Amino acid sequence: MGRVARVDFEWHDQQVKAGDRLFLSFAGANRDESQFPEPDRFDIGRADNRHLGFSTGPHYCIGAALGRLEARLALEALLRFPRWELRELPAWLDNLTVRGPKSLRVALG
Ligand code: HEM
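Remember, it's a predicted structure, so these values are computed and weren't measured experimentally.

What counts, and where the lines are drawn
Residues numbered from 1 in each chain as written. Predicted model: local features only at pLDDT ≥ 70, side-chain atom pairs only at ≥ 80, totals over all residues. Heavy atoms only, no water. Near = heavy atom within 4 Å. Polar contact = N/O pair within 3.5 Å; in protein donor to acceptor, adjacent residues only side chain to side chain. Nonpolar A, V, L, I, M, F, W, Y, C, P; charged D, E, K, R; others polar. Donors = N, O, S within 2.8 Å, 3.2 Å for Na, K, Ca; no water. Helix = DSSP H or I, 4+ residues; strand = E, 2+ residues; numbered from the N terminus. Buried < 20%, exposed > 50% of the residue type's maximum accessible area, 1.4 Å probe, protein only. Contact = heavy atoms within 4.5 Å.

Caption draft 1: Examining the site of the ligand more closely. As a matter of local geometry, the ligand sits amid M1, R3, F26, G53, F54, S55, P58, H59, C61, I62, G63 and L66. In this structure, an oxygen atom belonging to the ligand sits 2.6 Å away from a side-chain N or O atom of R3. Measuring from an oxygen atom of the ligand, one finds a side-chain N or O atom of H59 at 2.7 Å. Taken together, the residues that form the shell around the ligand break down as seven nonpolar, four polar and one charged.

Caption draft 2: Local environment of the coordination of the iron atom of the ligand. No protein donor other than C61 (SG) coordinates the iron atom of the ligand, and that contact is at 2.2 Å. Of note, C61 is situated in the loop between α1 (26–29) and α2 (64–78).

Caption draft 3: Representation of the environment of A64. Mapping A64 onto the fold places it in helix α2. Classification of A64 by relative accessible area gives buried; the value is 4%. In this structure, the C-alpha to C-alpha distance between A64 and F54, residues ten residues apart in sequence, is 6.4 Å.

Caption draft 4: Here's a closer look at the side chain of S55. Within the secondary structure layout, S55 lies in the loop between α1 and α2. S55 has contacts with R3, F26 and Y60, leaving out every residue within four places of it along the chain.

Caption draft 5: Geometry of unusual backbone geometry. One non-glycine residue, E38, lies in the positive phi region at around 45°. On the secondary structure map, E38 appears in the loop between α1 and α2. Taking the relative accessible area as the measure of exposure, E38 reaches 52% and is therefore exposed. Even without being glycine, S55 reaches a positive phi, approximately 70°.

Listed below in structure tokens is the structure:
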């Protein structure tokens, strides 16, 4: 996510001046092992799960509740199928902010 610094400050020995443009990696923060034990392990039941998937602070995603509801409905529908078969290796999005496949073709049975 892009941000513009409003004031001068120091961050991890870096001097940031008011007006500097910053690029913040929320995805990187979500894999911070000092915050999340075994960050690369998918664990849907993590406790104290203070991830930045929907950001934080004044720009917190206004659609977070809808996003969560859609994800729950989609997963509930998909998980009824016991057999999943990947039809092709996915092509990945060429995007610094969103990491994921362009599409994921799966045969369900
Ligand atoms: C899984 C789905 C979604 C994800 C992962 C997501 C993620 C995010 C993130 C990370 C931000 C913060 C951007 C920033 O800090 O600059 C954001 C902001 C926002 N999102 Fe979402 N979002 C999702 C779904 C939605 C939906 C369904 C809506 C609307 C119906 C929505 C509307 C918005 C709006 C309007 C903002 C700007 C809020 C602001 O800057 O005050 N999002 N979203």
